[in-house]
Amino acid sequence: MYLAAEGAHNPILPIWQEMVVGTISFALLVFVLLKFVMPRMEAMYQARVDAIEGGIKRAEAAQAEANKLLEQYRAQLAEARTDAAKIRDDARADADGIRQDILAKAREESDRIIAAGKEQLAAERATIVRELRTEVGTIAVDLASKIVGESLADEARRKGTVDRFLSGLESTGAR
């Protein structure tokens, strides 16, 4: 049995030829990985890092541009609000001016109408007074003719008598 054990391979100790072939294969695999695969992996890793960092930089630049545009928008909005307030104030001032002009024209028209009315009333009053004088004179002459018994048909006499009568009435009414 001892012989069989001497010729038999010990499972704990590897065969030296396998060790050499395994070492050469491992060294060849490491060489291929280091020479061809690792540079490509490093290049892909670097490209990925650059893409991420570039994306971050582009995002930061876009954010800065957006903030700049937002500030411009806010400035334009504030300016537009200021302009709108100015236009609104100008419109109110114009409206007040127009209203004052219209009111002034209305007052002038009202004063003109009142003055025309007063003139018309004065003219009508004068006409009525004249007509009443004539009518009162005619009635007075007729009445006086009946009382005195003489004819006052003469126009000159009648006019003189009427004027005296009316002057007497005015002086009596003034007392």
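Everything quoted here is computed from the prediction, not taken from an experiment.

Below, the discussion takes up the overall build of the chain. Of the regular secondary structure elements, the chain holds three helices and zero strands. Listed by position from the N terminus, the elements making up the chain come as α-α-α. Burial status across the chain gives 5% buried among its 175 residues. Accessible surface, the chain as shown: approximately 15300 Å² in total, 63% of it carbon and sulfur.

Take the UniProt feature "coiled-coil region" (unreviewed entry) in the chain next. In this structure's numbering, the residues bearing the UniProt feature "coiled-coil region" (unreviewed entry) are residues 52-90. Within the segment residues 52-90, helix and strand shares are 100% and 0% respectively, and the terminal C-alpha atoms sit 56 Å apart.

Before going further, it helps to spend a moment on the UniProt feature "transmembrane region" (unreviewed entry) in the chain. The UniProt record annotates "transmembrane region" (unreviewed entry) at residues 20-38. The straight-line gap between the two end C-alpha atoms of residues 20-38 is 25 Å; of that span, 100% is helix and 0% is strand.

A cluster of nonpolar side chains, contributed by Leu28, Leu29, Phe31, Val32, Leu33, Leu34, Phe36, Val37, Met38 and Met41, occupies part of the molecular surface with about 940 Å² of accessible area. If you trace the backbone, Leu33 turns up in helix α2 (residues 16-148).

All right, on to the pattern of salt bridges then. According to the stated counting rule, one finds four salt bridges in the structure shown. For the salt bridge of Arg99 with Asp96, the shortest nitrogen-to-oxygen distance reads 2.1 Å. A residue pair is termed a helical-turn pair when its members lie 3 or 4 positions apart in one helix, as Arg99 and Asp96 do in helix α2 at three residues. Classification of Asp96 as partly exposed rests on a relative accessible area of 36%. Salt-bridge contacts for Glu109 lead to Arg112; the nearest nitrogen and oxygen are separated by 2.3 Å. Of this pair, Glu109 and Arg112 both sit in helix α2, three residues apart, roughly one helical turn. Residue class for Glu109 comes out partly exposed when judged on its relative accessible area of 36%.

What counts, and where the lines are drawn
Residues numbered from 1 in each chain as written. Predicted model: local features only at pLDDT ≥ 70, side-chain atom pairs only at ≥ 80, totals over all residues. Heavy atoms only, no water. Helix = DSSP H or I, 4+ residues; strand = E, 2+ residues; numbered from the N terminus. Buried < 20%, exposed > 50% of the residue type's maximum accessible area, 1.4 Å probe, protein only. Areas by Shrake-Rupley, 256 points an atom, 1.4 Å probe, with all protein chains shown as cover. UniProt positions renumbered as here; feature names shortened; annotations may be inferred. Patch = residues over 30% accessible without salt bridge, like charges linked within 9 Å, V, L, I, M, F, W, Y side chains within 5 Å. Salt bridge = Lys/Arg side-chain N within 4 Å of Asp/Glu carboxyl O.

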